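These are the residues of each chain, in order.
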Amino acid sequence: MTWGALYMYYYCPKCGLKFEYALDVMPEFGDKFGYCPECQVAGVYEKEGARQLDDNDYFEVE
């Protein structure tokens, strides 16, 4: 049984945006994986796993 994609959840220490990255896009973003899509600063890690109950609170970076 599979749970689907795994995500890493972050928030931006500068603007407060909550965002998530799917682990499978890590090669695409390289060193910028986990960075805020608005401010381009490193996000603060919150949690990881399959889709969370509060997933709609996070912007999915693609």
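Remember, it's a predicted structure, so these values are computed and weren't measured experimentally.

Student: Provide a residue-level description of the state of the cysteines, including the pertinent values.
Tutor: Working definition of a disulfide: a covalent bond connecting the sulfur atoms of two cysteines. Taken as a whole and judged by the stated rule, the model has zero disulfides. No disulfide involves C36; its sulfur sits 3.7 Å from that of C12, the nearest cysteine. Residue C36 is classed as buried on the basis of its relative accessible area, which comes to 0%.

Student: Which residues make up the pattern of salt bridges, and what values do they have?
Tutor: Using the criterion set out here, one finds four salt bridges in the structure. The closest approach of N and O atoms between D54 and K47, which form a salt bridge, is 2.9 Å. For D54, a relative accessible area of 24% gives the class partly exposed. Linking E60 and R51 is a salt bridge whose minimum nitrogen-to-oxygen distance equals 3.2 Å. Members of the salt-bridge network, linked through shared partners, are E20, R51, D55 and E60.

Student: If you had to explain the environment of K47 to someone new, which residues and values would you point to?
Tutor: Position of K47 among the secondary structure elements: in strand β3 (residues 44–49). Relative accessible area serves as the criterion here: at 23%, K47 is assigned to the partly exposed category. Along the backbone, K47 and P37 are 10 residues apart, and their C-alpha atoms lie at a distance of 18 Å. When sequence neighbours within four positions are dropped, the list of residues in contact with K47 reads Y7, M8, Y9, Q52, D54 and Y58. Within the structure, K47 has its side chain in polar contact with the side chain of D54 (distance 2.9 Å).

Procedures and definitions
- Residues numbered from 1 in each chain as written.
- Predicted model: local features only at pLDDT ≥ 70, side-chain atom pairs only at ≥ 80, totals over all residues.
- Heavy atoms only, no water.
- Disulfide = S-S within 2.5 Å.
- Buried < 20%, exposed > 50% of the residue type's maximum accessible area, 1.4 Å probe, protein only.
- Salt bridge = Lys/Arg side-chain N within 4 Å of Asp/Glu carboxyl O.
- Helix = DSSP H or I, 4+ residues; strand = E, 2+ residues; numbered from the N terminus.
- Contact = heavy atoms within 4.5 Å.
- Polar contact = N/O pair within 3.5 Å; in protein donor to acceptor, adjacent residues only side chain to side chain.

By themselves, these are just geometric observations and shouldn't be taken as functional.
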